[in-house]
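Survey of secondary and tertiary structure
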Amino acid sequence: MIYFVAIIAGLAGILFGYDEGVIAGALLSLHQEFTISAFAEGVMTSAVPLGALFGALAAGPLAERHGRRTLLLAAATLFVAGAILAGLATGVWMLAACRLLLGFAVGVAGMVAPLYISESAPARSRGMLVSVYQLAITLGILGAYVMNYALEDAWRTMFMLGAVPGIVLFAGMLVLRDTPRWLAGKGRTDEARQALASLRGTSPDAPDIHAEVRAIQEASGQETQSARWSELLSPVVRPAFVVGIGLFFLQQLSGINAVIYYAPTVFREAGFDSSATQLLATMGVGAVNVLMTLVGMALIDRIGRRRLLFLGFAGTALGLGLIAVGAATGSASLDILAIVGLALYIGAFAASLGPLPWVMMSEVFPLRVRGLAMGVTSVSNWGFNFLVVFSFPLLVQGLGLAGVFGIYTVVCLAGLVFTLRYVPETSGLSLEAIEHHLRSGLPFRTLGESPASIVLVTDAPDISPERATALIAGVIRLSPHRQNLEALAADIGRVAYANVQVRCALRELNRRLGGTPPLAMGRQHLGAQAPTLHTFLEHIHFASPGFLQSVGEWPPRGTRG
Ligand code: BGC
């Protein structure tokens, strides 16, 4: 059943991506059929993010009142209608209106689908499903590009084809029930039990199911009490907003959708003469986007959010800088520079700036305000998206391609500073630990750095004393006190196993290591557990015979001969 839920995530992502991407190729043939000013081009292209902004705004309260399922059915209907009408459009302004409607549907589905998933999925696979959502966005974009290429000038068919994922979404939602959480919150306890049982593959009368529905009801009772808009402004939530909205600001102002929506146009400027080569190159962009998203998914829990962001901002800044230089000189030999820059930019974006804001948005907010806060944050994504897409043709007219990409380069450089100062490392920490740290009043950035701020919660499997010793031996090899501590590894392992906090850190480390033997571990494996483990070894070092001997305190007084 959970795969079915993943498919819903996927469909919403595909809708999102297809409607973003389809305009790219359609613009080429639309220009042949209609006279389109830079302003009209901006309006038509940005109608999707603008509509989505309103869709996302409306979706939160509507989903509370009418349920997630009803809203997804409505969005699917709008989506099909919008796609067909866009295909029948008789002019640019009608097309813009249809895309506004489509955007509204994308905004609703894009907000409700993640909510639907997070309320249905078991906690341990939530993070993975968020990344599946981003992967689906990139597949939707690639699908649109492939259609652009395959259908050449048939822009009407391109738009109409967008109805297909809408129809599948509709059919899928007919089969699925609403989420157990929404049903339970509305007092529809029996239905909630049935929905939960079918998700977990057991009987509605199983004791677990009864207990979980009761827990949901208690939790949702607390939530209605506290889910007030004013709470979003509290000092506890503010640092989470800085991270969530800040990352979306940087993601969008790095110019990603100027590339995604206008890729063939950009390639034309870069000297690709035929529209076939422009579209082929655009498909390359879509493919790199999908493949590098997979790379990002593999790295995100391993090297941590902050490191991946630094790599992403450095890579995108370099790529964008190359495009700007290539465009500024305009010579044919430098066109290749622009192409390399574009590939680098898309690759670095897809592995990092693409998925990370979505993943972190689902991690940083306290449970009580999570739904509301995620709504506001995703609205900001659409707002910034609109700003970039709408302004791009006008900015190119005023500043030239080099100037515009120069601005995006500066934004990515600013992203490095933003990450350094504001973004906490959340990988390997439970959502409870993150919330605990937010409430502690310590700077959000220092999350995971001070062992005192780490809550002893982990869902990583427990380990044996022998495994703890093996892991500690691996950590000792990375410690500056290696020489002094190596001989004591067995004793240190026992102490580590007995200490709840250190053991939790070792459990996380064990999970992250996977098949890597402990003695082959590197610093990158330590992740958010590095401070806990290093501080632990530091304490042991100061009490160890080797250290005490060096300060003349060993053997202890009284035992000296
Ligand atoms: C962004 C979209 C963008 C896409 C590209 C997403 O994370 O929010 O605006 O078009 O990535 O893959």
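Residues numbered from 1 in each chain as written. Predicted model: local features only at pLDDT ≥ 70, side-chain atom pairs only at ≥ 80, totals over all residues. Heavy atoms only, no water.

For the protein chain, the count of helices and strands is 25 helices and 0 strands. The C-alpha radius of gyration of the protein chain comes to 26 Å, within 12% of the 24 Å expected for a compact globule of 561 residues. Taking contacts inside the protein chain between residues at least 6 apart in sequence as the whole, the part at least 24 apart equals 78%. Accessible surface computed for the protein chain: about 22800 Å², of which carbon and sulfur atoms make up 66%. (Helix = DSSP H or I, 4+ residues; strand = E, 2+ residues; numbered from the N terminus. Rg over C-alpha atoms; globule rule 2.2 N^0.38 Å. Contact = heavy atoms within 4.5 Å. Areas by Shrake-Rupley, 256 points an atom, 1.4 Å probe, with all protein chains shown as cover.)

Our next topic: the packing of helix α14 (residues 305-329) against helix α16 (residues 355-364). A pair of packed helices is captured by two measures, namely the crossing angle of their axes and the spacing between those axes. It is the contact of α14 with α16, at a shortest axis distance of 11 Å, that shows an interaxial angle of 150 degrees. The pairing of α14 with α16 is recorded here as roughly antiparallel in orientation. The chirality of how α14 crosses α16 is left-handed. On the side of α14, the interface is formed by Arg305, Leu308 and Leu309, while α16 contributes Leu356, Val359, Met360 and Glu363. In terms of residue class, the contact of α14 with α16 is built from 5 nonpolar, no polar and 2 charged. (Axes fitted to C-alpha atoms, helices over the stretch in contact; angles between N-to-C directions. Parallel < 35°, antiparallel > 145°, perpendicular 65-115°, else oblique. Left-handed = near helix turned anticlockwise from the far one by under 90°. Nonpolar A, V, L, I, M, F, W, Y, C, P; charged D, E, K, R; others polar.)

This part covers the nonpolar core. Looking at soluble globular proteins, one finds that nonpolar side chains tend to be buried together. Judged by nonpolar contacts, the single largest core of 123 residues is most densely connected at Phe392 and Phe405. Counting residues in each nonpolar core, the second largest holds 23 residues, with Leu471, Val475, Ile476 and Leu506 among its members. (Core = buried A, V, L, I, M, F, W, Y, C linked by side-chain atoms within 4.5 Å. Buried < 20%, exposed > 50% of the residue type's maximum accessible area, 1.4 Å probe, protein only.)

Of all residues adjacent to the ligand, which total 13 residues, the nearest are Glu20, Gln134, Gln251, Asn257 and Trp358. In this structure, glutamate 20 approaches the ligand through a side-chain N or O atom, which is 2.5 Å from an oxygen atom. Glutamine 252 has a polar side-chain atom sitting 3.0 Å from an oxygen atom of the ligand. Assessed atom by atom at 2 Å from the grid points, the ligand resides in the largest cavity. Taken together, the elements giving at least two residues each to the shell around the ligand come down to α5 (126-151), α11 (238-253) and α17 (370-422). Counting residues per element, the shell around the ligand draws most heavily on α5, which supplies 3 residues. (Near = heavy atom within 4 Å. Polar contact = N/O pair within 3.5 Å; in protein donor to acceptor, adjacent residues only side chain to side chain. 1 Å grid on protein atoms, 1.4 Å probe; cavity = no way out; pocket = protein on both sides within 12 Å on 5 of 7 lines; lining within 4 Å. Sits in = over half its atoms within 2 Å of the grid points.)

For the rest of this paragraph, the subject is the packing of α14 against α17. With their axes 8 Å apart at the nearest point, α14 and α17 run at an angle of 165 degrees to one another. Our classification of the angle between α14 and α17 gives roughly antiparallel. In terms of crossing hand, the pair formed by α14 and α17 is left-handed. In the contact of α14 with α17, the residues fall into 18 nonpolar, 6 polar and 1 charged.

What follows covers the pattern of salt bridges. In total, this model carries 10 salt bridges according to the counting rule given. As a salt-bridge pair, glutamate 486 and arginine 482 come within 3.2 Å of each other at their nearest N and O atoms. Among the residues examined, arginine 482 registers a relative accessible area of 33% and is labelled partly exposed. Connected through salt bridges with shared partners, the residues Asp462, Arg503 and Arg507 form a single ionic network. (Salt bridge = Lys/Arg side-chain N within 4 Å of Asp/Glu carboxyl O.)

By the secondary structure assignment, glycine 354 is in the loop between α15 (332-353) and α16. Residue classification places glycine 354 among the buried residues on the basis of a relative accessible area of 0%. Residues glycine 354 and serine 479, spaced 125 residues apart in sequence, show a C-alpha to C-alpha distance of 34 Å. Not counting residues within four places of it along the chain, the set of residues in contact with glycine 354 comprises Gln134, Gln251 and Phe349.

Attention now moves to the environment of alanine 460. Structurally, alanine 460 can be placed in the loop between α18 (431-440) and α19 (465-477). In this structure, the C-alpha to C-alpha distance between alanine 460 and phenylalanine 272, residues 188 residues apart in sequence, is 52 Å. Other than its neighbours up to four places away in sequence, alanine 460 contacts Arg507, Glu508 and Arg511.

This next bit is on the packing of aromatic side chains. Taken as a whole and judged by the stated rule, the model has 15 aromatic pairs. Centre to centre, the rings of tyrosine 133 and tryptophan 358 are 5.7 Å apart; their planes meet at 85 degrees, and the pair counts as edge-to-face. Separated by 225 residues along the polypeptide, tyrosine 133 in helix α5 and tryptophan 358 in helix α16 bring together distant segments of the chain. Both residues of the pair, tyrosine 133 and tryptophan 358, belong to the buried class. (Phe/Tyr/Trp six-rings, centres within 6.5 Å; stacked < 30°, edge-to-face > 60°.)

Moving on to the side chain of glutamate 41. Structurally, the position occupied by glutamate 41 is in helix α2 (residues 38-66). What makes glutamate 41 buried here is its relative accessible area of 9%. If we skip the residues at most four places from it in the chain, glutamate 41 touches Leu27, His31, Ile36 and Tyr262.

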